[in-house]
Structure formats: C-alpha cells, structure tokens
Amino acid sequence: NAGVTQTPKFRILKIGQSMTLQCTQDMNHNYMYWYRQDPGMGLKLIYYSVGAGITDKGEVPNGYNVSRSTTEDFPLRLELAAPSQTSVYFCASTKQVAGYEGYTFGSGTRLTVV
Amino acid sequence: QKEVEQNSGPLSVPEGAIASLNCTYSDRGSQSFFWYRQYSGKSPELIMFIYSNGDKEDGRFTAQLNKASQYVSLLIRDSQPSDSATYLCAAPGSSNTGKLIFGQGTTLQVKP
C-alpha cells in the first residue's frame, strides 16, 4: 500500500501566485486532514474532512481552500500566496475517530513563498 | 480553546539513560493521547497511544497518563542515539471529527 501520497515535495512560489497541494490515500479512510508545521512548532490544523463532500475549517484556514470530491483525494489550494504561508504542509488520514491507530501522515510538502 | 503544552527543549540525555518527556493539556474531558516521533525533515510517526489512567508499556517506551493532574508523559528507557528526534504530544480536539491538537514538541538529543 502506498498510504498517503503528497505532491509536490518541494515548491517555491512567488508572492501572489497560486498552487494546489495534492494528497491521495489508498486506505479507504474517511477522515482526512491538512496541517502546517512552522519551524520549531507543532502542527496546526488548516482544514479537515470527515468524508467525501464534507469539509470544515480548522485552526488556521485563512488563505486556503479544500475540496473532497472522492474518498481518496483531498487537495489543498493556496490562493494569492504570502510569505506567511512558508511552511511544511502535512496531509494525514485516519480510519476511525478517536481510534488507537492515530494518523497516517504523508511525507510532507515544503513550501517557500518569496 | 483546547491546548496541549510541551517544553520545547532540547532535552539532552546520555546514551543508556532514561529520557522523560512531559505534556500538559487544558481540556479536563480529554480521554486519550498520542505520542508521535518526528525525525528532522520527516513526517510524524505514531509511537504510543494511551487511553486510561496509569502506565502503558511498549518495548522501551512507557506512556503515563494522570487525568487528575492533566499531564501525560513518555519515558524512553535505555535511550539510544537513534531516539534523537522531536516528540509530539497530541490530544483529540473533538469527539466526532478525529481532529488532533498537537503540542509544539520536545526535541530529544541522546549523546553517545
């Protein structure tokens, strides 16, 4: 199994550009999440989804958008990139709520906005 | 706003010693906790899940939960240089969404 696949792994954006971070999982998990991690910090939740067609904001949603048209895919859209969005972005999924299995994380996307 | 707090460290221990990592949380209703290990430049990986008060052991790792005092700890016995990483504590943000609230992580350095 591939688990959670994120692309790209690295990207440099100019201020004002837009991009989509891709996230795909092949484990048939209903629950998917996008987190960002700034240097020396923990993970902050951007958006999450509890199933296809259902998304909701997390702690730091401003400047981002998501969609969930299928169980497998949960892309994160950055519109009008700003330096404050320079971060490492992790996509994660889980099979059940409050389960002991925790999250399966993707390998991350390191984004720099200049 | 639920919070999970950790001392960012770094915590430095000699090889073979016991490393003790601590985490406090604000929501008295939190029932379960996760410990993730994150190597530099890598994604977090789950190492422990604890649900009930008391201790849970898995190999060299022991998680301890004290709900009355609202803290959870991770003990690593016989620390190895390969244990050098950042350890993230996490608690559920709500009961029906699977959201996790992460602490800022504690960096552990195990010196040979």
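This text follows the structure it describes.
Residues numbered from 1 in each chain as written. Chains lettered and ligands numbered in written order. Predicted model: local features only at pLDDT ≥ 70, side-chain atom pairs only at ≥ 80, totals over all residues. Heavy atoms only, no water.

A. Layout of the sheet that holds strand β1 (residues 4–7) of chain A. Residues and elements named next belong to chain A. Pairing is antiparallel in the open sheet, where four strands are placed in the order β1-β3-β8-β7. Edge positions in the sheet fall to β1 and β7 (64–66), since each has one partner strand and no second. Here the average twist between neighbouring strands, direction ignored, is 20°. (Pairing = 2+ DSSP bridges. Helix = DSSP H or I, 4+ residues; strand = E, 2+ residues; numbered from the N terminus. Axes fitted to C-alpha atoms, helices over the stretch in contact; angles between N-to-C directions.)

B. Here's a closer look at the interface of chain A and chain B. Each partner contributes residues to the interface: chain A has 24 residues there, and chain B has 20 residues. Counting each side, the surface lost to burial between chain A and chain B is near 1,600 Å², with a carbon and sulfur contribution of 60%. In terms of surface lost to chain B, no three residues of chain A exceed A:Leu43, A:Tyr103 and A:Phe105, which account for 26% of the buried area on that side. Run the count over chain A and chain B and you get zero salt bridges. Connecting chain A to chain B are eight residue pairs in polar contact (both at pLDDT 80 or more). Those elements that provide at least two residues to the side of chain A that touches chain B are β4 (31–37) and β5 (43–51) of chain A. Grouping the constituent residues of the side of chain A that touches chain B by class yields 14 nonpolar, seven polar and three charged. (Contact = heavy atoms within 4.5 Å. Buried area = accessible area lost by both parts, 1.4 Å probe. Salt bridge = Lys/Arg side-chain N within 4 Å of Asp/Glu carboxyl O. Polar contact = N/O pair within 3.5 Å; in protein donor to acceptor, adjacent residues only side chain to side chain. Nonpolar A, V, L, I, M, F, W, Y, C, P; charged D, E, K, R; others polar.)

C. Expanded view of the nonpolar core. Of all hydrophobic cores here, the largest spans 23 residues; its most connected members are B:Trp35, B:Val72, B:Leu74, B:Ile76 and B:Tyr87. Of all the secondary-structure elements, those providing two or more residues to this core are β3 (19–25), β4 (33–38), β5 (45–50), β7 (61–66), β8 (71–76), β9 (85–92) and β11 (106–111) of chain B. The contact partners of B:Leu74, leaving out residues within four places of it in the chain, are B:Ala19, B:Ser20, B:Leu21, B:Trp35, B:Ile47, B:Met48, B:Phe61, B:Thr62, B:Ala63 and B:Tyr87. Counting residues in hydrophobic clusters, the runner-up holds 19 residues, among them A:Cys23, A:Met32, A:Trp34 and A:Ile46. (Core = buried A, V, L, I, M, F, W, Y, C linked by side-chain atoms within 4.5 Å. Buried < 20%, exposed > 50% of the residue type's maximum accessible area, 1.4 Å probe, protein only.)

D. Expanded view of the layout of surface pockets. One number sums up the size of the largest pocket: a volume of about 550 Å³. A:Gln37, A:Val88, A:Arg110, B:Gln38 and B:Gly41 are, among the 29 residues lining the largest pocket, the residues nearest its centre. At the level of elements, β9 (87–94) and β11 (109–113) of chain A together with β9 of chain B are the ones that each hand at least two residues to the lining of the largest pocket. Its residues assigned to classes, the lining of the largest pocket comprises nine nonpolar, 16 polar and four charged. Empty space within the second largest pocket amounts to approximately 390 Å³. In terms of lining, the second largest pocket is formed by 19 residues, of which the most central are A:Lys44, A:Glu59, B:Gln1, B:Lys2 and B:Ile101. Sorting the residues of the lining of the second largest pocket by element identifies β5 of chain A together with β1 (4–6) and β10 (100–102) of chain B as the ones contributing at least two each. (1 Å grid on protein atoms, 1.4 Å probe; cavity = no way out; pocket = protein on both sides within 12 Å on 5 of 7 lines; lining within 4 Å. Points joined across faces, edges and corners; volume = space filled by probe spheres on them.)

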